[in-house]
Amino acid sequence: MLETRDPDHPVVCLFNYYKAVEAFAPYQQLMLTDRYPVMPDASNVAEWMKGIRERTSAPHWVTLPSFDDPRIRHKGNRGPNPVEFRLMSYLAIAGGARGVTYFTYTMGPYWRDGTMQGLLMDAYGNEKSLWPEYASFAATVGPVADLLSKANYDKELEVKTTPAAIKVGVLKLPDGRGHLLVPVNTILSDALSFQLELPSSKNVLVDLGNLKSIPFDPGASSVACRKLQPGQGRIYFWGPESAVAEAKNSVMRARARQALRVAKLDIRKGQRQSVLVDDLKELFQEGQVLFADGKFTGAIELA
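Quick caveat: nothing in here was measured; it's all calculated off a predicted structure. (Residues numbered from 1 in each chain as written. Predicted model: local features only at pLDDT ≥ 70, side-chain atom pairs only at ≥ 80, totals over all residues. Heavy atoms only, no water.)

**Focus: the overall build of the protein**
No. 1: A tally of regular secondary structure across the protein gives nine helices and 15 strands.
No. 2: Computed over its C-alpha atoms, the radius of gyration of the protein comes to 21 Å, within 12% of the 19 Å expected for a compact globule of 303 residues.
No. 3: The principal-axis extents of the C-alpha atoms in the protein amount to approximately 60 × 55 × 50 Å.
No. 4: Looking at the protein as a whole, 42% of its 303 residues qualify as buried.
No. 5: Accessible surface, the protein as shown: approximately 16,500 Å² in total, 52% of it carbon and sulfur.
No. 6: Charge centroids of the protein, computed over 36 positive and 33 negative side chains, lie 2 Å from each other. (Helix = DSSP H or I, 4+ residues; strand = E, 2+ residues; numbered from the N terminus. Rg over C-alpha atoms; globule rule 2.2 N^0.38 Å. Buried < 20%, exposed > 50% of the residue type's maximum accessible area, 1.4 Å probe, protein only. Areas by Shrake-Rupley, 256 points an atom, 1.4 Å probe, with all protein chains shown as cover. Lys, Arg positive; Asp, Glu negative; His and termini not counted. Charge placed at Lys NZ, Arg CZ, Asp CG, Glu CD.)

Here you go:
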């Protein structure tokens, strides 16, 4: 019925237990879930993601907790600390989530003690304890979002790591364009150096954070990678040389698009504060032209 009324938007329901996912999966164009409680073990997200993959192939957005409720702490359902928040977020992406959202509360400082508290931001826009981790995660994953939106969890290709505490999500891009590898440090107390054990191939490995290729012998069984902080993840492209430029271009396009959005908001803010922004508008328009021409580095510099 909803599709007949509005065919241009997906029908979405949010579920927090498997039986509901199984019952409604045939009718969902986009699956949203919010498995609570996650805490006290942030790694529960990995098991939840596995359960969703086993029950539906629909695009899946997961909702993670970013609040604290003192009334039920005795059940272990406390709010995550920054490292646990980081781990949950990266495990969701590694598990095949197409989107990550967060449930929080925007309560003001005047609320009485003992009530639920948002840990991202309060009702007045003041950043709370989890905000820096959220901003860092968004800055890492945002530029790769276009690639992530096209990738599906690959149940057949297994990529092992040393040490085993680094868990890797393997996401397959369409049309043989390669894979996205998402290693995550599941240890909450220690940073870990690690090695990826990759199948023998002529593929290229690229860190999509700094867009640098990681040299390794195609005949070797493993490749050393940069250290991961506690709970941290990273996104690599692993695929044929012919697809590397396309992957890098996708990341740069997203970075330029976001930079121009921020520049546009800054100009509007300046106008509201009666700042002369005519010169900035001209620069912004030049940035838009560069973006349209595919010159993303120049667009970012102007932005």
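Now that the structure has been shown, we can carry on.
**Some details on the side chain of Asp154**
No. 1: With respect to the helices, strands and loops of the structure, Asp154 is situated in the loop between strand S7 (152–153) and strand S8 (160–162).
No. 2: In this structure, Asp154 is buried with no salt-bridge partner, the nearest side chain bearing the opposite charge being Lys172 at 4.8 Å.
No. 3: Among the polar contacts listed, one links the side chain of Asp154 to the backbone nitrogen of Glu156, at a separation of 2.9 Å.
No. 4: Once residues within four sequence positions are removed from consideration, Asp154 is found in contact with Val170, Leu171, Lys172 and His179. (Salt bridge = Lys/Arg side-chain N within 4 Å of Asp/Glu carboxyl O. Polar contact = N/O pair within 3.5 Å; in protein donor to acceptor, adjacent residues only side chain to side chain. Contact = heavy atoms within 4.5 Å.)

**Notes on the side chain of Ser250**
No. 1: On the secondary structure map, Ser250 appears in helix H7 (residues 241–272).
No. 2: Ser250 has contacts with Pro143, Asp146 and Leu147, leaving out every residue within four places of it along the chain.

**Regarding the sheet that holds strand S10 (residues 179–185)**
No. 1: Spatial strand order, S7-S9-S10-S15-S12-S13: six strands in an open sheet with antiparallel pairing. What marks the edges here is a single partner per strand, and that holds for S7 and strand S13 (212–213).
No. 2: Looking at chain direction, S10 and strand S15 (residues 236–239) are connected through three bridges and run antiparallel. The partner of Leu180 across the bridge, within S15, is Phe237. (Pairing = 2+ DSSP bridges.)

**Considerations on helix H5 (residues 131–141)**
No. 1: Glu133, Phe137 and Val141 are the residues of H5 that are buried. Around the axis of H5, the buried residues are gathered within 55 degrees of arc, so they sit on the same side. Exposed and facing more than 90 degrees away from the buried side of H5 are Pro132 and Ala139.
No. 2: Of the surrounding elements, those touching the buried residues of H5 are helix H4 (82–94), strand S5 (99–103) and helix H6 (145–148). (Arc of directions from axis to C-beta.)

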